[in-house]
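# A structural walkthrough
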Amino acid sequence: MRLPLSCAPHYRDRDNPNNIGWNDAMGDFSLTAIDTLSSLALMADSSDLDAERFWETVGEVVRIYWYNEPKECDAVTENCGEKTSSWGRFHNRSRESRGFDIDAKVQVFETTIRTLGGLLSAHLFATQSLASLPASVQPKYEYRDELLDLAYDLGLRLLPALTESPTGLPYPRINLRVKETPSEEITETCTAGAGSLVLEFTTLSRLTGDPLSRLTGDPRFQEAAKRAFEAVWDRRSDLGLFGGGVDAESGLWNGPVGGVGAGMDSFFEYAFKAFVLLAGDELGEDSWFWKVWEQSSAAVRTHMRMEIPTMWWSNVHLGTGAPVQGASSWTDSLSAFWPGLLAASGEVEEATRGNLFYSALWSRFSGLPERWNLRTGSVEGGLGWYPGRPEFAESTYMLYRATKDPWYLYVGEMIMRDLKRRCWGKCGWAGLQDVKTGERQDRMESFWLGETWTYLFLLFDEDHPLHKGDDPWVFTTEGHPIILPKSRQRIRSSGTYPAPPLSCPNSAPTSIPFFSTTASRPDIFHASHFTRLHLLPKAPPTELSPLQPSDLDIYAENSYFWSPSNSTYYPWTLPPYLVSPDSICSPLPALESFDLIFPQPKAQLSSVSSSGDIFGAATAGMVRRVQGGISISGSMRGVRMGMTNEHGVLRITNIGGTSLGKSEIVFLEDKVIDKSGATMDPNFQIVLDHEYVDLIIQYADDLRAAKREEELKQVPIIPETKTALGELLSRLGFTSLETQLNDLLSLYNDGGGDGEATPTSAISPRVHAFAGIIPTGIGAVDILTTTPVFADIHILKSLACTPIQSNSIPKTAQVLIVPRGACAFSQKLQHVPSFIRLVIFLDKSTSTPQDLVRPLLDKENEYGIMAVMVAGSGKEWEREVGSLTLRRRWSVWVKDIRVGNVVVL
């Protein structure tokens, strides 16, 4: 391959093997040719010439890298049986050598997605497992699965990077000849690199095995890739988030920042696509991957999704979900894939809103800068290059396939015109060094042809065979279509996890008010405002033609584009008749934000009771970060709270400049404020909840584990033996938690509900909270703000509609769980023995506390037994409960608006 501008040969930096920016994907083999094979196959459906090129390129790849034969050989003057290809001679290889026996260190991730994926996809096209190649064009040789042979050879050379790792996380680089990672090599890999091998390695396992028979498949590749994927999944934080990089040997995150962009992107992608690829797998693994996708995408939606003024996804602290200084102020071009993945998974509305942001950003720069600062509206840190990344084109293609909205065809036209105008060089497609000035790079990445132009080609090829039928094929993260041949697909048996839904939740639009549902959205201009399109000049220079952008000089050094109408409208390829001259923007959404500042300490104030001051004593409040949020102790004096009104509920976003994540809680310790109601402040009110209480539970096995951990603390620890978990907690900033506040994260972010424990970062006993509703009526007993701790819980199997036999309940029982139904609550309570202190009515027909109806106790409660009702299947009571207590709920109101993320103890 040649460089796009200078046309000089493009090859590996052999003089400096450590030049990883150049060498990671280039292993001294024909990278672009292999990475582009599937693109040629896709385009062959509409072009016999491309079909011929596909078979010619396959023939050359096979000749050089598998058979190691010379292109031409004079049998009269040369020994053709021993002469190798020119590539083989360069690497001093014998004629018998096969495959990628090259003394080159390559990155495992890039080589897998570009080279291994390219070989597998091309093989699937060549064997008609994927439809596209016309039957009228046949190779001039017999294809004997040599591409699969090459893929198998390459897979065996990459495999030790996974199998030799102590954690299952792959080493980032490996030497293809010696099949090992150099001892001096760094061991840090990115999350995407570790978790994005599943599609290629699984396909390789299903297609290969014994080289002579290939009947059973070679499970080593799939098992190793699944182990690596699980190793990443098991290291998610309590919030379900991931860091950008992880060490293959220690298993520790290299930093606390999580996101959906660079370093993390394709882990999410492979969770969903592995579910599709493995559809009908007899081991139920497709549903396991669906579960991973559901939980990880839900975590992104909860902690990273921003909706004001338009939709985008922020980088956050993986342990707290809070904004991270610096990292939360920018987004990168790789995150543009996320709307396309959402569209593929059925979340079309969210995908549409997110893609508007990237469409507007592309319209502003005629390309996506590597990073863009959301606050300043400019390129972040000088990272303004665009190397031809495909993510935005991919999302545009996916959304068009999901909606058939012509809007996306105009967006695709904009991308193509901008790329041709700014990036086409004499010998290929050049990346942009600066999207603002148009300065070009003399470098062409293989994904220009392997992905970017593939998605754009398919965007406009409505009748392509891949767009017909419902076979479970997917694009790899490098844009290679793959599928498990039907002979390898299996029928579902009773897997470990339930089958996912068979249809997406988004219905088709009932009417299209304009030419496009997207163009008719009321929030179409919110993304324009967010990306500052409205601030661009409205008139082009006189020497530029606004109506014929394709006529601009494609070799101009400064080829910045001026919109033919008004930059607020995008994409600029919209025909003028579709841009209404009297259009108006809908009101921009805005969040009401303010600071609540509490009075400074008073010098002579001694106590709340003596002063009648709601805000506490003379000293300033003590603010500290704990697991799950921030606690305030001592008093409220001197505390500054930043608040935002989100859909009618206030959320505390920061305390004294310390940001909180979306799910984090502000804990107000006891006696910080006056809860008696004797003193009131119109800007800060504490109200007792008379409907709901929290059932605080610690399970017996958690208590025993915490006790063992405490005993181990008494043993001196050699610093070098510090566990990986301990090191991780230290690096994430979690402190040792000595009060009940330290376990309250689990009260509001409990990972329960699906039967699988969520990884925890606390060694103290896990605390679980279940909301219960308080009965009403003359038989309802007031629940005190402080209740005793119960340790003996008994589950009643009968409905308690008849007297309970005395020998069916232990005399030591303090709490009785009674199923709802068949008779009135008062009747059940009358049959409960007098020694029971608390009755929990279990409503199995209701899954959420919000759907509970308050029980009516319309008869006298003879023994004064407390009662609550909870929702759920009852699984939470199947584990042995070590302790249970009730905690009253208090709500905080500011200016008559409830604060949603405060817990008053």
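None of the values given here were measured: they were computed from a predicted structure.

Ordered in space as β16-β17-β21-β30, the four strands form an open sheet in which the pairing is mixed. Of all the strands in the sheet, the pair left with one neighbour each is β16 (622–626) and β30 (902–904). For this sheet, the mean inter-axis angle between neighbouring strands, taken without regard to orientation, is 20 degrees.

The subject of this paragraph is the UniProt feature "binding site: Ca(2+)" (unreviewed entry) in the chain. Residues given the UniProt feature "binding site: Ca(2+)" (unreviewed entry) here are T477. Along the chain, the position of T477 falls in the loop between β13 (474–475) and β14 (481–482). Apart from the residues within four sequence positions on either side, T477 is in contact with F109, I113, S266, E269, Y270 and E451. A polar atom in the side chain of T477 sits 2.9 Å from the side chain of E269.

Next up on the list: the environment of G777. The topology assignment puts G777 in the loop between β23 (768–773) and β24 (793–795). G777 sits in the partly exposed class, given a relative accessible area of 33%.

To continue, consider the state of the cysteines. This structure, assessed with the given rule, holds two disulfides. Note on cysteine connectivity: C7 is disulfide-linked to C427, with sulfurs 1.9 Å apart. Judged by the sign of its S-S torsion, about 100 degrees, the bond between C7 and C427 is right-handed. Within this pair, whereas C7 is found in the segment before α1 (20–23), its partner C427 is found in the loop between β11 (424–425) and β12 (428–429), the two being separated by 420 residues in sequence.

Per the UniProt record, "active site" (unreviewed entry) is annotated on E110, D265, E370 and E391. If you trace the backbone, D265 turns up in helix α12 (residues 265–277). Beyond its immediate stretch of four places on either side in the chain, D265 contacts A192, V260, L334 and F337. Assignment of secondary structure puts E370 in the loop between α15 (348–365) and β10 (371–373). For E370, a relative accessible area of 11% translates into the label buried. Excluding anything up to four places from it in sequence, E370 contacts T331, D332, S333, L383, G384, W385, P387 and R389.

For the rest of this paragraph, the subject is the environment of S633. By the secondary structure assignment, S633 is in strand β17 (residues 629–633). As for S633 and L668, which are separated by 35 residues in sequence, their C-alpha atoms are 6.5 Å apart. Beyond its immediate chain neighbours, meaning those up to four positions away, S633 contacts G621, M622, E669 and V672.

We now examine the pattern of salt bridges. For the structure on display, the rule yields 35 salt bridges. E285 is the partner of K226 in a salt bridge, and the nearest nitrogen-oxygen pair spans 2.6 Å. Note that K226 is positioned in helix α11 (residues 219–233) and E285 in helix α13 (residues 285–303), a separation of 59 residues in sequence. E285 matches K226 in its accessibility class, with the two residues each being buried. Note that E349 and R521 form a salt bridge whose closest N and O atoms lie 2.9 Å from each other. Taken together, the residues E349 in helix α15 and R521 in the loop between β14 and α19 (526–530) connect sequence positions 172 residues apart.

This next bit is on the environment of A44. Structurally, the position occupied by A44 is in the loop between α3 (37–43) and α4 (48–67). Overall, A44 belongs to the buried group, its relative accessible area being 0%. For the pair A44 and F54, spaced 10 residues apart in sequence, the C-alpha to C-alpha distance is 7.7 Å. Aside from chain neighbours lying at most four places away, what touches A44 is D50, A51, S132, L133 and P134.

With their axes 6 Å apart at the nearest point, helix α10 (residues 198–207) and α11 run at an angle of 160 degrees to one another. Between α10 and α11, the interaxial angle falls into the category roughly antiparallel. Helix-helix and strand crossings are classified by hand; for α10 and α11 the assignment is left-handed. Counted together, V198, F201, T202, L204, S205 and R206 of α10 and P219, R220, F221, Q222, A225 and F229 of α11 form the full contact between these two elements.

Basis of the calculations
Residues numbered from 1 in each chain as written. Predicted model: local features only at pLDDT ≥ 70, side-chain atom pairs only at ≥ 80, totals over all residues. Heavy atoms only, no water. Pairing = 2+ DSSP bridges. Helix = DSSP H or I, 4+ residues; strand = E, 2+ residues; numbered from the N terminus. Axes fitted to C-alpha atoms, helices over the stretch in contact; angles between N-to-C directions. UniProt positions renumbered as here; feature names shortened; annotations may be inferred. Contact = heavy atoms within 4.5 Å. Polar contact = N/O pair within 3.5 Å; in protein donor to acceptor, adjacent residues only side chain to side chain. Buried < 20%, exposed > 50% of the residue type's maximum accessible area, 1.4 Å probe, protein only. Disulfide = S-S within 2.5 Å. Salt bridge = Lys/Arg side-chain N within 4 Å of Asp/Glu carboxyl O. Parallel < 35°, antiparallel > 145°, perpendicular 65-115°, else oblique. Left-handed = near helix turned anticlockwise from the far one by under 90°.

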